[in-house]
Amino acid sequence: MADSDLRDAFREEASVGEDSILSTRGIEAFTRKVTTTASHLAGHGADAPGNPYHNAMGKMQKQLARPGMQRRMFSMARTTPTDLVRSKFSTAEIQSRALSYLSDDMLQNIPEDENAYSLFQGFQASFPELTDGGGKRHRRRPSRGRKMIEEAPGHASSPQHLHKLKKGMSTLMHELEMLGIRKNMASSEIREVDIKIANLAGMRRIILDRLANLEQEESSLEHDIINMEGRIEVAQALVDEAESIAAASAAPTDEDDLVTDQDVDEFMSKSVYEKIPSASNTPTKKRHKNMRRKSMPVLHEHFDPGFNIREIKAHTEQITAIDFDVPFGTMVSASLDDTIKVWDLNAGRCIGSLEGHTASVRSLQVEDNILVTGSADATVRLWDLSKSHYDPQGSRFGRDDEEEDDGIAFENPDDHMVDPPEGSMADCPLFTLQAHMDEITALHLRGDVLVSGSSDKTLRQWDLNKGRCVQTLDVMWAAAQASASLGSGEATWRQTSRQASGAADFVGALQVFESALACGTADGMVRLWDLRSGQVHRSLVGHTGPVTCLQFDDVHIVTGSLDRSIRIWDLRTGSIFDAYAYDNPITSMMFDTRRIVSAAGEDVIKVYDKMESRQWDCGAGITESEDGRTPAIVEHVRVKDGYAVEGRRDGLVGVWSC
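Everything numeric here is computed off the predicted structure, so don't read it as measured data. (Residues numbered from 1 in each chain as written. Predicted model: local features only at pLDDT ≥ 70, side-chain atom pairs only at ≥ 80, totals over all residues. Heavy atoms only, no water.)

Considering the overall build of the protein chain
Here comes step 1: If you tally the helices and strands in the protein chain, you get 14 helices and 28 strands.
Here comes step 2: Within the span of the protein chain, comprising 658 residues, buried residues form 37% of the whole.
Here comes step 3: For the protein chain, the share of sequence-separated contacts (at least 6 apart) that also reach a separation of at least 24 residues comes to 53%.
Here comes step 4: Total accessible area computed for the protein chain in this model is approximately 39800 Å², and 53% of it derives from carbon and sulfur atoms. (Helix = DSSP H or I, 4+ residues; strand = E, 2+ residues; numbered from the N terminus. Buried < 20%, exposed > 50% of the residue type's maximum accessible area, 1.4 Å probe, protein only. Contact = heavy atoms within 4.5 Å. Areas by Shrake-Rupley, 256 points an atom, 1.4 Å probe, with all protein chains shown as cover.)

Structure (structure tokens):
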């Protein structure tokens, strides 16, 4: 009977849900369960008043009937065993266990330590004041042993004196041991730091390779975008032409009002008609459109200064002019071998050669996709480099599968130079500007305004929209006018104190910005022109040799001369702001936001860091001197955002990070 009652009680308890234990029915079921269990254990003799078990269970039942006890019991039933154990710990013990806990993964991956000293020894050596048994702060006294001997008592033969000496000796030996431990610990830390630096250097190389691949993909995508823009432009031109033809055919025409070529011949005299330039001599009306890059490379910014990025065997003779658009972009070089070559700096490959000039090119400029070249044949030519048919990245975008892929950009740079396909630059020429009477020695393009300087002692301003000369500036006449107006010989043409060599150009350098023009000539003068009036409004006097290069910004103008100096002028006052002297004549110079680079008749590039105010050398003269080789002299140098390109007398082109 008792067994059946027990089973019925458990069955009734099992029928109650887990969430209903706090209800009234749950409490009653729990009470019946306890009572049934006590009755079963006590048996029929449980009614005896002297039974201690019966009395204990009765008291427990009374205790369980209290609401406070019931709440505590139900709260304990919901508590996990871990919380029950933690509740027995004090706050300090819980904190100690939390700090000293180590997961199984950490215990399995314990690194091997070859250190001969234990952790306690290292701690004792690093913090002796915390390990002092007496609690006194530890103070190092280098002359403690000597001081103990000097302050010893008079009885040197006493045992106490010997004991003190031995104690002092042990103290000094302990300090020496601690110092040795600290020294070895410092040495171990240095080795660990070296290992970390080596690991970081390896990670840096991996990320640099990743960045180089990303920029290569970016360059290929930019080339595809330019091709697509060109195709859209051609399609739009065809649509406009078709619409104009359709409109013209729909309009009625009056045949009586038409003038034939025969009427023109009869109307104009033969002599005048023959003097009109023919169609072959007039500039070809090709639209030139500047296409700026939508992204800029940043890989060179992570190279160390003086790092040799690339070296190209560009020409067989001395390089006469060189320029590029952006780092790892397109470079154009000209040489005394009468060739003009276009290069892909990202792959170090030749895109093609530009043909048209009948003599060597003395000056050139790359502005986005537009190239301007000035030659010894007294002509200025404009080219659109985006019209090249050769894809330096080897992209197959927009091509048929049957077409041959001429891309060679991803071949091994250590192989022999691969010639570009013929006719790759056939559509690049835009038009030719003819007005000068002697070789072109300097030019500068800014927007649609082009200014060129020639050995015929004139400067000419060109309108690229119309393709003709709009203004001619005579340098000798301007010098004479300045002399007459000032009444002194300060601004007149003068022979420099340093005799100019036969290679010195009359117009050595020039730069234009809107209506402002700066020009450096063979007399060492730097003249600032106003193109609106065609007059010289300021002359900078200081150089004692022909000016070969110049560049200005909104505050300063920097000039280089054959007098072996580079001078920085203040445009607001016309005075010299700073000057630097070198051992050889300056043949080329350029600056960016941080540095001024120049070619000073040596096998290195001279770099002046404006931020740190220091001079340093960069180039093959430093790297190849260690191998016992002597590189050629640097003749021309260009720099943009720390990416420098140099052209040497032996036809080599070096690319450096500075």
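Digging into the packing of aromatic side chains
Here comes step 1: With the rule as written, the count across this model stands at four aromatic pairs.
Here comes step 2: Ring geometry for F303 and F307: centres 4.8 Å apart, planes at 35°, overall tilted.
Here comes step 3: Overall, F307 belongs to the partly exposed group, its relative accessible area being 38%.
Here comes step 4: Taken together, a centroid distance of 5.6 Å and an interplanar angle of 65° make the contact between F324 and Y643 edge-to-face. In this pair, F324 sits in strand β2 (residues 319-324) while Y643 sits in strand β27 (residues 643-648), placing the two residues 319 residues apart along the sequence. (Phe/Tyr/Trp six-rings, centres within 6.5 Å; stacked < 30°, edge-to-face > 60°.)

Description of the sheet that holds strand β17 (residues 535-540)
Strand pairs in the sheet, formed through backbone hydrogen bonds, run parallel or antiparallel to each other.
Here comes step 1: The strand order across the open sheet formed by four strands is β14-β15-β16-β17, and the pairing between neighbours is antiparallel. The sheet is open, and its two edges are formed by β14 (507-513) and β17, each paired on a single side. Along the sheet, successive strands turn relative to each other by an average axial angle of 20°, direction set aside. (Pairing = 2+ DSSP bridges. Axes fitted to C-alpha atoms, helices over the stretch in contact; angles between N-to-C directions.)

Re the confidence of the model for the protein chain
Parts of the model with low pLDDT should not have their predicted coordinates read in detail.
Here comes step 1: The predicted model of the protein chain averages 78 in pLDDT, with 71% of residues at 70 or higher.
Here comes step 2: Within the model, pLDDT remains below 50 along residues 264-285, and this stretch shows 12 contacts once partners closer than five positions in the same chain are excluded.
Here comes step 3: Under a pLDDT of 50 for its full length, residues 395-415 has, in the predicted model, 34 contacts with residues more than four places off or in other chains. (pLDDT = per-residue confidence, 0-100.)

What about unusual backbone geometry?
Here comes step 1: Even without glycine at this site, F328 takes up a positive phi of about 60°.
Here comes step 2: Classification of F328 as buried rests on a relative accessible area of 8%.
Here comes step 3: For D338, which is not a glycine, the phi torsion comes out positive at approximately 65°.
Here comes step 4: Looking at D338, the relative accessible area reads 49%, which means it is partly exposed.

Topic: empty space enclosed by the protein
Here comes step 1: Under the defined criterion, the tally for this structure stands at four cavities of 30 Å³ or more.
Here comes step 2: As a volume, the largest cavity reaches approximately 60 Å³.
Here comes step 3: Every residue lining the largest cavity is listed: I27, F30, T31, L64, Q70, M73 and F74.
Here comes step 4: Elements with a minimum of two residues in the lining of the largest cavity: α2 (24-42) and α4 (67-78). (1 Å grid on protein atoms, 1.4 Å probe; cavity = no way out; pocket = protein on both sides within 12 Å on 5 of 7 lines; lining within 4 Å. Points joined across faces, edges and corners; volume = space filled by probe spheres on them.)

Focus: the pairing of strand β18 (residues 547-552)
Here comes step 1: The buried fraction of β18 amounts to five of the six residues, a majority that puts the element mostly inside the structure.
Here comes step 2: Pairing of β18 with strand β19 (residues 556-561), which is carried by five bridges, proceeds in the antiparallel orientation. Pairing of C549 across the sheet is with G560, part of β19.
Here comes step 3: If you look at the hairpin formed by β18 and β19, you'll find three residues sitting between the two strands.

Considering the nonpolar core
Here comes step 1: Counting 18 residues, the largest nonpolar core has I312, M331, L345, Y643, V645 and V653 as its most contacted members.
Here comes step 2: When contributions to this core are tallied by element, the ones reaching two or more residues are β1 (307-313), β2, β27 and β28 (652-657).
Here comes step 3: Here this core gets three residues from one element, more than from any other, and that element is β2.
Here comes step 4: With residues up to four places along the chain from it excluded, the contact list for V653 reads R310, E311, I312, A314, I319, I322, M331, V645 and E646. (Core = buried A, V, L, I, M, F, W, Y, C linked by side-chain atoms within 4.5 Å.)

Regarding the environment of G423
Here comes step 1: With respect to the secondary-structure elements, G423 resides in the loop between β8 (379-384) and β9 (429-434).
Here comes step 2: Among the residues examined, G423 registers a relative accessible area of 48% and is labelled partly exposed.
Here comes step 3: Taking the C-alpha atoms as reference points, G423 and G352, separated by 71 residues in sequence, lie 8.1 Å from one another.

Notes on the pattern of salt bridges
Here comes step 1: With the rule as written, the count across this model stands at 15 salt bridges.
Here comes step 2: Its salt-bridge partner being K606, residue D617 comes within 3.2 Å of it at the nearest N-O pair. Of this pair, D617 sits in strand β25 (residues 614-618) while K606 sits in strand β24 (residues 605-609), and the two are 11 residues apart along the sequence.
Here comes step 3: For K606, a relative accessible area of 13% translates into the label buried.
Here comes step 4: The partner of R649 in a salt bridge is E635, with the nearest N and O atoms 2.5 Å apart. (Salt bridge = Lys/Arg side-chain N within 4 Å of Asp/Glu carboxyl O.)

Looking at the sheet that holds β25
Here comes step 1: Spatially, four strands are ordered β22-β23-β24-β25 in an open sheet, and the strand pairing comes out antiparallel. Because the sheet does not close on itself, it has two edges, and the strands there are β22 (588-591) and β25. Strand-to-strand twist of the sheet, defined as the mean angle between neighbouring strand axes without regard to direction, takes the value 20°.
Here comes step 2: Alignment of strand β23 (residues 595-599) against β24, held across four bridges, turns out to be antiparallel. Bridging from a neighbouring strand, I596 pairs with Y608 of β24.

Considerations on the side chain of D592
Here comes step 1: Tracing the backbone shows D592 in the loop between β22 and β23.
Here comes step 2: A distance of 2.7 Å separates the side chain of D592 from the side chain of R595, its partner in a polar contact.
Here comes step 3: Only 3.4 Å separates the side chain of D592 from the backbone nitrogen of D641, close enough to count as a polar contact.
Here comes step 4: What D592 contacts, discounting residues up to four positions off in sequence, is K610, V639, K640, D641 and G642. (Polar contact = N/O pair within 3.5 Å; in protein donor to acceptor, adjacent residues only side chain to side chain.)

Re the environment of S388
Here comes step 1: Take S388: it is sitting in the loop between β8 and β9.
Here comes step 2: Its relative accessible area of 16% is what places S388 among the buried residues.
Here comes step 3: Placed 40 residues apart in sequence, S388 and C428 show a C-alpha to C-alpha distance of 6.1 Å.
Here comes step 4: Discounting residues that sit within four places of it in the chain, S388 has contacts with I351, S424, M425 and C428.
Here comes step 5: At 3.3 Å, the side chain of S388 forms a polar contact with the backbone oxygen of L385.

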